[in-house]
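Geometric and topological summary
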Amino acid sequence: QVQLLESGGGLVQAGDSLRLSCAASGRAFTIFVMGWFRQAPGKEREFVARISRSGSRTFYADPVKGRFTISRDNAKNTVYLQMNSLKPEDTAVYSCAARYSDSDVGGYDYWGQGTQVTVSS
């Protein structure tokens, strides 16, 4: 299995930037497709972004396209989420996740506990 630990969340103002990090341990990082999800108060968890094993392919949810960038450094066993032009509606607990499969049909296999991002007006 793999253990995931997020960091980098905090309280910022609208328009500011944050970079979240997710450090993986326990298994070889490169075997996993990695994703970021978020859950706002009173809402269900939603997909934010994913990145392929090599980092060559990425995909984003519409609300964050053009503002967020997912990346990974396999030498450091870490995946990142660069968040620019943050909006109050981005406020949520952000979690990283890992999956063995290339298919979006199946779910993710491992989850971090999440880091809080709060964006004030």
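Let me sum up the structure you'll find in this document.

Phi at Asn-77 takes a positive value of approximately 55 degrees, unusual for a residue other than glycine. In this structure, Asn-77 sits in the loop between strand E7 (68-73) and strand E8 (78-83). Residue class for Asn-77 comes out partly exposed when judged on its relative accessible area of 27%. One non-glycine residue, Ser-85, lies in positive phi territory at about 50 degrees.

Bringing the packing of aromatic side chains into the picture now. Counted by the stated rule, this structure contains eight aromatic pairs. For the pair Phe-37 and Phe-47, a centre-to-centre distance of 5.7 Å together with 75 degrees between the ring planes defines the contact as edge-to-face. Here Phe-47 lies in strand E5 (residues 46-51) and Phe-37 lies in strand E4 (residues 33-39), a separation of ten residues in the sequence. Phe-37 sits in the buried class, given a relative accessible area of 10%.

Mapped onto the secondary structure, Ala-75 falls in the loop between E7 and E8. Look at Ala-75 and you get exposed, because its relative accessible area is 76%. In this structure, the C-alpha to C-alpha distance between Ala-75 and Thr-30, residues 45 residues apart in sequence, is 9.1 Å.

The side chains of a regular strand alternate between both faces of the sheet. By the alternation rule, side chains of E7 split into Phe-68, Ile-70 and Arg-72, which are all buried, and Thr-69, Ser-71 and Asp-73, of which none is buried. Sheet analysis places E7 next to E8, joined by six bridges and oriented antiparallel. Bridging from a neighbouring strand, Arg-72 pairs with Val-79 of E8. Hairpin remark: E7 followed by E8, antiparallel, with four residues in the connecting loop; positive phi at Asn-77, about 55 degrees.

Oppositely charged side chains can form a pair if their charged atoms are brought close together. Applying the stated rule across the entire model yields seven salt bridges. Between Arg-67 and Asp-90 there is a salt bridge whose closest N-O contact spans 2.7 Å. Placement of Arg-67 in the loop between strand E6 (58-60) and E7 and of Asp-90 in the loop between E8 and strand E9 (92-99) is noted, with a sequence separation of 23 residues between them. For Arg-67, a relative accessible area of 11% translates into the label buried. For the salt bridge of Asp-104 with Arg-99, the shortest nitrogen-to-oxygen distance reads 2.7 Å. Of the residues examined, Arg-99 reaches a relative accessible area of 2% and is grouped as buried. Residues joined in a network through salt bridges with shared partners are Arg-38, Glu-46, Arg-67 and Asp-90.

Conventions and cut-offs
- Residues numbered from 1 in each chain as written.
- Predicted model: local features only at pLDDT ≥ 70, side-chain atom pairs only at ≥ 80, totals over all residues.
- Heavy atoms only, no water.
- Helix = DSSP H or I, 4+ residues; strand = E, 2+ residues; numbered from the N terminus.
- Buried < 20%, exposed > 50% of the residue type's maximum accessible area, 1.4 Å probe, protein only.
- Phe/Tyr/Trp six-rings, centres within 6.5 Å; stacked < 30°, edge-to-face > 60°.
- Pairing = 2+ DSSP bridges.
- Salt bridge = Lys/Arg side-chain N within 4 Å of Asp/Glu carboxyl O.

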